[in-house]
Amino acid sequence: MGDETKTNEKHHHHHRQHKTQSFLMSPTVKLFVCFLGIFGAYLLFGIVQESIVKGKYGKNDKFTYIISLVFFQCIFNAIVSKVILVIRKTHRDTTPSKMYAFASFTYLFAMLASNYALEFVSYPMQVLGKSVKPVPVMLLGVLVARKRYPLVKYLYVLLIVAGVVLFMYKKPEKATKATEANAIIGIGEFLLIVSLAFDGLTGGIQDRIRDSHRVQAYHMMYSMNIWSCLWALIGVVATGEIYGLYNFLTAYPDVITKMFLLGLTGAIGQNFIFLTIEWFGPLTCSIFTTTRKFFTILCSVIIFGNPISTQQMLGTGLVFIGLFMEQLYGKKKHK
């Protein structure tokens with residue numbers, strides 16, 4: 001009798017364990033974990049990135065070593081993904097190297113362009129520019145990967161983008177260095193458009209890779225970043241940036257810690273981005289990263305008590321309506 005009770009208890013324990021496991025692996029939990037990971041890591045990432053690129057150094061020094069900054073990020077990403085690959089003991093990746101070489105080139109260019117844009121536009125403007133990312137991902141998904149999304153999905157993505165734009169658009173302050181702003185307004189915006197185009201291309205190529213090869217998130221993350229390291233290294237050496245950076249870091253050693261933190265938060269964020277892509281596809285990923293940008297602003301409203309306007313409340317509403325509808329009705333599988 002005692003044995004039977006033990007067996008029953010064991011059975012219940014296994015059943016409970018199994019229930020817990022299946023709960024942890026359920027799509028809803030996965031979706032939530034991915035969202036939180038992207039959210040937390042990139043919130044920190046944004047703060048650190050702004051403090052590095054927009055920071056004041058000495059009398060009038062500026063941090064202009066963008067290729068090196070991106071190079072460090074790619075190294076961190078490659079290390080983190082390699083470690084995970086070793087732990088996971090995954091199968092070999094069958095994707096031809098040339099696809100990764102091309103995808104990483106567009107990926108690196110997107111990162112460089114948006115980082116360079118920071119030298120010409122404000123951080124909110126840069127974040128705003130990158131918020132419309134679902135649009136090129138969708139457009140190029142249709143063009144490059146020949147995907148077909150249901151019409152309503154376009155509407156939801158449009159709603160999300162409109163909401164973010166409404167929320168983040170602030171009327172320019174009265175004549176603050178208007179002449180200077182006008183002189184350089186074109187370059188920053190142009191760089192953001194270039195960055196978006198390359199983002200879209202990267203998404204399209206990644207779709208192609210996922211459709212035709214047995215590829216896992218970390219294979220993609222590792223290969224993309226190793227290739228990006230190579231491209232960025234060529235850039236750093238070819239432009240002679242490496243010498244300037246060395247002198248800069250010698251003068252301002254505290255930037256090293258910030259670069260380390262940037263690499264780490266970036267790698268953690270990327271880890272979750274690639275998981276989201278593996279589990280839910282690039283569009284969901286774009287929607288997550290867009291919402292994360294939106295929350296960066298929301299946090300500033302809550303934490304720093306910045307006033308929120310009617311227009312911004314409307315924007316908030318649109319983003320959530322768009323996201324909610326996308327989750328509920330946008331799930332019909334695209335062909």
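This text follows the structure it describes.
Residues numbered from 1 in each chain as written. Predicted model: local features only at pLDDT ≥ 70, side-chain atom pairs only at ≥ 80, totals over all residues. Heavy atoms only, no water.

1. A word on the overall build of the protein chain
Item 1. If you tally the helices and strands in the protein chain, you get 13 helices and zero strands.
Item 2. Secondary structure elements of the protein chain, listed N to C terminal, follow the sequence α-α-α-α-α-α-α-α-α-α-α-α-α.
Item 3. Taking all 335 residues of the protein chain together, 47% fall into the buried category.
Item 4. Long-range contacts, defined here as pairs at least 24 residues apart, represent 88% of the contacts in the protein chain between residues at least 6 apart.
Item 5. Taken as a whole, the protein chain presents about 18200 Å² of accessible surface, with 70% of it coming from carbon and sulfur. (Helix = DSSP H or I, 4+ residues; strand = E, 2+ residues; numbered from the N terminus. Buried < 20%, exposed > 50% of the residue type's maximum accessible area, 1.4 Å probe, protein only. Contact = heavy atoms within 4.5 Å. Areas by Shrake-Rupley, 256 points an atom, 1.4 Å probe, with all protein chains shown as cover.)

2. A look at the environment of glycine 46
Item 1. Here glycine 46 shows up in helix α2 (residues 27-53).
Item 2. Using a relative accessible area of 8% as the deciding quantity, one classes glycine 46 as buried.
Item 3. For the pair glycine 46 and glycine 266, spaced 220 residues apart in the sequence, the C-alpha separation amounts to 9.3 Å.

3. A short note on the packing of aromatic side chains
Item 1. A complete count under the given rule lists 15 aromatic pairs for this structure.
Item 2. Summarising the aromatic geometry, the rings of phenylalanine 109 and phenylalanine 198 are spaced 5.1 Å apart at their centres and angled 35° between planes, so their arrangement reads as tilted. Of this pair, phenylalanine 109 sits in helix α4 (residues 97-117) while phenylalanine 198 sits in helix α8 (residues 178-212), and the two are 89 residues apart along the sequence.
Item 3. Residue classification places phenylalanine 109 among the partly exposed positions, given a relative accessible area of 35%.
Item 4. The aromatic ring of tryptophan 279 is capped on one face by lysine 30, whose charged end is 4.3 Å from the ring centroid.
Item 5. The aromatic ring of tyrosine 222 is capped on one face by lysine 82, whose charged end is 4.8 Å from the ring centroid. (Phe/Tyr/Trp six-rings, centres within 6.5 Å; stacked < 30°, edge-to-face > 60°. Lys NZ or Arg CZ within 6 Å of the ring centre and 35° of its normal.)

4. Digging into helix α9 (residues 217-239)
Item 1. When the terminal C-alpha atoms of α9 are compared, their 32 Å separation across 23 residues agrees well with the 33 Å that a helix rising 1.5 Å per residue should span.
Item 2. One or two positions beyond α9, positive phi appears at glycine 240, with a value near 75°. (Expected span 1.5 Å × (residues − 1).)

5. What to know about the environment of glutamine 312
Item 1. By secondary structure assignment, the location of glutamine 312 is in helix α13 (residues 310-329).
Item 2. Owing to a relative accessible area of 6%, glutamine 312 belongs among the buried residues under this scheme.

6. Some details on the nonpolar core
Item 1. Within the largest apolar cluster, 54 residues are counted, with the highest numbers of intra-cluster contacts made by Ile52, Phe63, Phe248, Val255 and Met259.
Item 2. Of all the secondary structure elements, the ones that give two or more residues to this core are α2, α3 (66-88), α4, α8, α9, α10 (241-251), α11 (254-280) and α12 (282-303).
Item 3. If you tally residues by element for this core, the top one is α2, at 10 residues.
Item 4. The residues touching phenylalanine 248, leaving out its near neighbours within four places in the chain, are Tyr57, Asp61, Lys62, Phe63, Tyr65 and Val255.
Item 5. Core analysis: the second largest hydrophobic core is formed by seven residues, Tyr149, Val161, Leu283 and Ile287 among them. (Core = buried A, V, L, I, M, F, W, Y, C linked by side-chain atoms within 4.5 Å.)

7. Section: a nonpolar patch on the surface
Item 1. Taken together, the side chains of Ile79, Val83 and Ile87 make up a nonpolar region of the molecular surface, amounting to roughly 300 Å² of accessible area.
Item 2. Looking at where valine 83 falls in the secondary structure, it is placed in helix α3.
Item 3. Looking at valine 83, the relative accessible area reads 44%, which means it is partly exposed. (Patch = residues over 30% accessible without salt bridge, like charges linked within 9 Å, V, L, I, M, F, W, Y side chains within 5 Å. Salt bridge = Lys/Arg side-chain N within 4 Å of Asp/Glu carboxyl O.)

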